[in-house]
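# Structure at a glance
Residue strings, one per chain:
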Amino acid sequence: MENKIPYKIYLDENEMPKQWYNVRADMKTKPAPLLNPSTLQPMTLEELSGVFCTELAKQELDNETPYFDIPEEICDFYKMYRPSPLVRAYFLEKALDTPAKIYYKFEGNNTSGSHKLNSAIAQAYYAKKQGLKGVTTETGAGQWGTALSMACSYFDLDCKVYMVKVSYEQKPFRREVMRTYGASVTPSPSNTTNVGRKILEQFPGTTGSLGCAISEAVETAVSSEGYRYVLGSVLSQVLLHQSIIGLESMAACDKYDIKPDVIIGCAGGGSNLGGLISPFMGRKLRGEADYKFIAVEPASCPSMTRGKYAYDFCDTGMVCPLSKMYTLGSGFIPSANHAGGLRYHGMSSVVSELYDEGLIEARSVEQTSVFDAATMFARIEGTLPAPESSHAIRVAIDEALKCKETGEEKTILFGLTGTGYFDMVAYQKYNDGAMSDYIPTDKELEDSINKLPKI
């Protein structure tokens, strides 16, 4: 008997979303505003425009407009790799012997290897439109830096990337992709900025953190004529651009009358999770449908499950605006043995507010169980997943196995945000049995959280 639902559901190009969706418009309680670190007053458009492109700063501050038209040049670029497939994981369902139906939205079918390109191309477009020379950014595992270097080469912009030192050393090939696209890549913390030198002095031999790299990128942007800073996650503007993931997923589901019960995403800063769930969350907020949303984070960097909801600096050098979010403290540096990305100390203000209201569940999972799930998925579904995405795979498998116990035929949708081909050092550690689980102690987290700014 033929299956009514194909293994891969592709939209036609003419069915691609023409607008991004802004979930803040449907939120009754809006995310708390970004604060100026000097005055502790909400950041104004003028202040934000000193760091970000003006158009992006406007998107960042707009809590009311539900839809933003996607400029034609961005739509054209999207067509190089979008629409991305919604995949029915028939093989995984069979292997798990579960009555659950499992779907995943696959964002790894572009050279950057992940969903990050969806926002990178938008941010590069607005920078070019503003007449800038270039942009600066940070990158952890390297997906964002790779995506931004591609987007900048498309628009002929200079791209300066500060890459977390431990990743710079562990992931040389992703670094080389960035350089192939014309970006300059500096391991962070570095001696090239004041804040980098200060961090190196304070923590000699540090493996770095996203917070350090952000500080360096911001300092370079504000001190270089014709440059602005861009960020790959956390910010509301990034979640807006990433809503293309959820909008396509929803269109594919609606086409085949698929109604997800559980929607799962990995969570580091919140961009792919926010992008996947936003349109579905909109339906939930408007009372049109109900879904269970699960954010999955690493046990070694558990900002939602063990962090505090408070105003904090977005960066270690404390030069960025303050954001109200679930945070472990801007000085928190995850263990160097944590290989799965998702290393940011805080969480998007949008995701944080939704979580605080009980609209999202959060789970933390340990590294070895994540790689167990990744390896199983690679062997069964044929795609080598990024370690980040494998956090979502882990919980999708757990939820499907629960259905096996209860006999429920739930429909599970998760985000497969990228491929793991540049993450082979981590897979090697796992295959060699050299991977360990590091979970910060209550005291370590308490010490870090106690240093939060008093606001």
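What you are looking at is a predicted structure, and each value in this text was computed from that prediction instead of being measured.

### So, the sheet that holds strand E6 (residues 134–139)
Reading across from one edge, E8-E7-E6-E9 is the order of the four strands in this open sheet, with parallel pairing throughout. Both outer strands of the open sheet, strand E8 (184–188) and strand E9 (227–229), are each paired with one neighbouring strand and no more. With direction set aside, neighbouring strand axes in the sheet form an average angle of 25°. Direction of pairing for E6 relative to E9: parallel, over a ladder of three bridges.

### Points about the pairing of strand E11 (residues 292–298)
Judged by how many residues are buried, E11 sits mostly within the fold: six of seven residues are covered. Sheet topology note: the strand E10 (residues 262–266)/E11 ladder contains five bridges and is parallel. From the neighbouring strand, Ile264 faces E11, where its bridge partner is Ile294. This β-α-β element, E10 to helix H12 (residues 271–285) to E11, shows right-handed connectivity. Alignment of E11 against strand E14 (residues 361–365), held across five bridges, turns out to be parallel. Counterpart to Ile294 in the pairing with E14 is Glu361.

### Remarks on the packing of helix H9 (residues 194–202) against helix H10 (residues 210–222)
At a closest axis distance of 8 Å, the pairing of H9 and H10 adopts a crossing angle of 150°. Comparing their axes, H10 and H9 come out roughly antiparallel. Packed against H9, whose contacting residues are Asn194, Val195, Gly196 and Ile199, the element H10 presents Cys212, Ser215, Glu216 and Glu219 at the interface. When its residues are assigned to classes, the contact of H9 with H10 shows three nonpolar, three polar and two charged.

### Let's talk about helix H15 (residues 367–381)
In this model, H15 (15 residues) spans 21 Å end to end at C-alpha, consistent with the 21 Å of a helix rising 1.5 Å per residue. Turning to H15, its buried residues are Gln367, Val370, Phe371, Ala373, Ala374, Thr375, Phe377 and Glu381. Backbone geometry just downstream of H15 places Gly382 in the positive-phi region, at approximately 85°.

### Quick word on the pattern of salt bridges
One pass over the structure, following the stated rule, counts 25 salt bridges. Taking the shortest distance from any N to any O, the salt bridge between Glu409 and Lys101 comes out at 3.3 Å. Placement of the pair is Glu409 in the loop between helix H16 (387–406) and strand E15 (411–416) and Lys101 in strand E5 (residues 101–106), with a sequence separation of 308 residues. Note on Lys101: relative accessible area 26%, which makes it partly exposed. The closest approach of N and O atoms between Asp257 and Lys259, which form a salt bridge, is 2.7 Å. Like Asp257, the residue Lys259 is exposed in the burial classification.

The rules behind each value
Residues numbered from 1 in each chain as written. Predicted model: local features only at pLDDT ≥ 70, side-chain atom pairs only at ≥ 80, totals over all residues. Heavy atoms only, no water. Pairing = 2+ DSSP bridges. Helix = DSSP H or I, 4+ residues; strand = E, 2+ residues; numbered from the N terminus. Axes fitted to C-alpha atoms, helices over the stretch in contact; angles between N-to-C directions. Buried < 20%, exposed > 50% of the residue type's maximum accessible area, 1.4 Å probe, protein only. Right-handed = clockwise from strand over helix to strand, strands pointing away. Parallel < 35°, antiparallel > 145°, perpendicular 65-115°, else oblique. Contact = heavy atoms within 4.5 Å. Nonpolar A, V, L, I, M, F, W, Y, C, P; charged D, E, K, R; others polar. Expected span 1.5 Å × (residues − 1). Salt bridge = Lys/Arg side-chain N within 4 Å of Asp/Glu carboxyl O.

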